[in-house]
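Examination of the molecular architecture
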Amino acid sequence: MDFGRLTPPQSGTPVTVEGDRLIVPDDPVIPFIEGDGIGVDITPVMRRVVDAAVEKAYGGKRKIHWWSLPAGEKAKEAYGEWLPAETVAAIREYRVAIKGPMTTPVGGGIRSLNVALRQDLDLFACVRPVRWFEGVPAPVKRPQDLDVVIFRENTEDTYLGIEFPSGSEEARKFIELVHANHKKRIRPDAGIGIKPVSKSATERICESAIRHALQKNLPSITIVHKGNIMKFTEGAFRDWAYAYFKEHYRDRVVTEQELWDGASAEGRIVIKDRIADAMFQQLLLRPDEYSAIVTPNLNGDYLSDACAAQVGGLGMAPGANIGDGVGLFEATHGTAPKYAGQDKVNPGSLILSAAMMLEYMGWDEAAGRIHDALGKTIAEKRVTYDLERQMEGATLLSSSAFGEAIVENL
Ligand code: NAD
């Protein structure tokens, strides 16, 4: 395939897909976007840790061939574009990629690059695992009780970005249309936003969640929604989700209601639902009752950050955006421009995202080593400034020295 202005690496083999199975060679080409701001600090550290973990786990039999792709400020400088079409095409073609944070260009008509990548590649599942690492300072008494993975629908809901400003011709026409069809009144000076939630998008995020739950032997999936208020969007999400699980995985699931009616949970995933506001309380008060969570876009956005804060903050929260046969893994924090180029910030989020990527590739041994080594390094209190300032008796390390400490512990 021709990538226009970009040249793929001479060595290495692309990841491919057969049916719904990812075929990962021992020498995969993995495209990466270094990212803006602190991207220069954390991305090289992530690569160093991943290469060392793969080497340790497979003794030279497997090796990643990295391919640096332009996007963000560097692409703007080199190509006059924030997100060159070749970069998107390369990720689509090579199937598995990882990215550092990118600046959201300020100015009318320019989409967030992250949202653009999600939409252009149809990365419909935003997957955010959240767990505590021993020693990380956290605001709750028992951060170890929270261990969840959030499946956030990534393509619709209010995030679709169809909005009409207050006073605009579109808003006026829309209000007229509503008034012609509905008893309720909208104030004439209202801005309007659209919240589409479809059965098909709900079903595909549910499929991602249950596949993961089955693969990891998780005890439950909780559907989080605000269906008591938004019946035909959030309420429909809940109903379609229950129906999907029952229709396609009848012998693998049991609903909470069926349990109350006397059914057994033996060998089955419990499907339950919670209203979004109650779920925020539940995750604080009874975190150990939750495991996989499936939810529409906006709820998922709020929940992911709240959960990350509960176990010690965004500096350590990994994430992935997954579509049909394409996975783009990413740090969940931004570019922290104040610290860019200082070799100071925590590369943990990107390193843990890389571990998710390795699991997605089926390289579980390397992923497991990264988790263990990172956990050990933090337990030894050898950490970057963000954690050091909250821990007693900790040793302050730079981003790169933290990476080396992880490599020592692999
Ligand atoms: P930010 O995440 O960059 O920073 C928020 C706070 O977290 C800051 O105090 C920062 O110092 C701290 N922080 C972030 N990452 C850290 C790390 N690895 N280690 C230690 N501390 C860390 O959010 P912001 O300031 O709102 O956004 C800055 C830029 O990043 C904006 O242009 C925004 O659009 C962009 N952004 C990009 C992404 C992404 O690429 N996925 C996500 C969020 C924000």
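Notes on the structure in this doc start here.

About the thresholds
- Numbers given for residues are sequential positions, taken from 1 along each chain in its written order.
- Given that the model is predicted, a residue must reach a pLDDT of at least 70 before its local features are reported, and side-chain atom pairs must reach 80 or more before they are shown or counted; all residues, however, enter totals for whole chains, interfaces and linings.
- Calculation of side-chain values draws on the structure's entire complement of heavy atoms; hydrogens and water are dropped beforehand.
- A side-chain nitrogen of Lys or Arg and a carboxyl oxygen of Asp or Glu constitute a salt bridge if their distance falls within 4 Å.
- A run of H or I in DSSP becomes a helix once it reaches four residues, and a run of E becomes a strand once it reaches two; helices and strands are each numbered from the N terminus.
- Only protein chains enter the accessibility calculation, which uses a 1.4 Å probe; a residue whose area is less than 20% of its type maximum is buried, one above 50% is exposed, and one in between is partly exposed.
- A helix is expected to span 1.5 Å for every residue after the first.
- Directions are taken from the helix axis to each C-beta atom, and the arc is the one they span.
- Any two residues whose heavy atoms approach within 4.5 Å at even a single point are treated as in contact.
- A pair of strands is labelled paired if DSSP reports no fewer than 2 bridges between them.

**Remarks on the pattern of salt bridges**
Counting across every chain of the model gives 29 salt bridges. Residue lysine 199 is joined to glutamate 203 by a salt bridge in which the shortest nitrogen-to-oxygen separation is 3.6 Å. With lysine 199 and glutamate 203 both in helix α6 (residues 199–215), this residue pair falls four residues apart, about one helical turn. Classification of glutamate 203 by relative accessible area gives partly exposed; the value is 22%.

**Let's talk about helix α10 (residues 297–310)**
Look at α10: 20 Å from first C-alpha to last across 14 residues, which is about the 20 Å you get at 1.5 Å a residue. Along α10, the residues classified as buried are Asn297, Asn299, Gly300, Leu303, Ser304, Cys307, Ala308 and Gln310. What you see down the axis of α10 is that its buried residues fit within an arc of 150°, all on one side. Residues of α10 that are buried in the fold lie against β6 (125–131), β7 (147–153), β10 (220–225), α7 (231–248), α9 (276–285) and β13 (292–295). In the stretch just after α10, glycine 312 is the one whose phi turns positive, near 120°.

**Focus: the pairing of strand β12 (residues 269–275)**
Counting buried residues along β12, five of its seven residues qualify, which places the element largely inside the surrounding structure. Where β10 lies against β12, six bridges are found, and the strand directions are parallel. Bridge pairing in β12 places isoleucine 221 opposite isoleucine 271. Bridging between strand β11 (residues 253–255) and β12 involves three bridges; their strand directions are parallel. Note that in β12 the partner of threonine 255 across the bridge is isoleucine 271.

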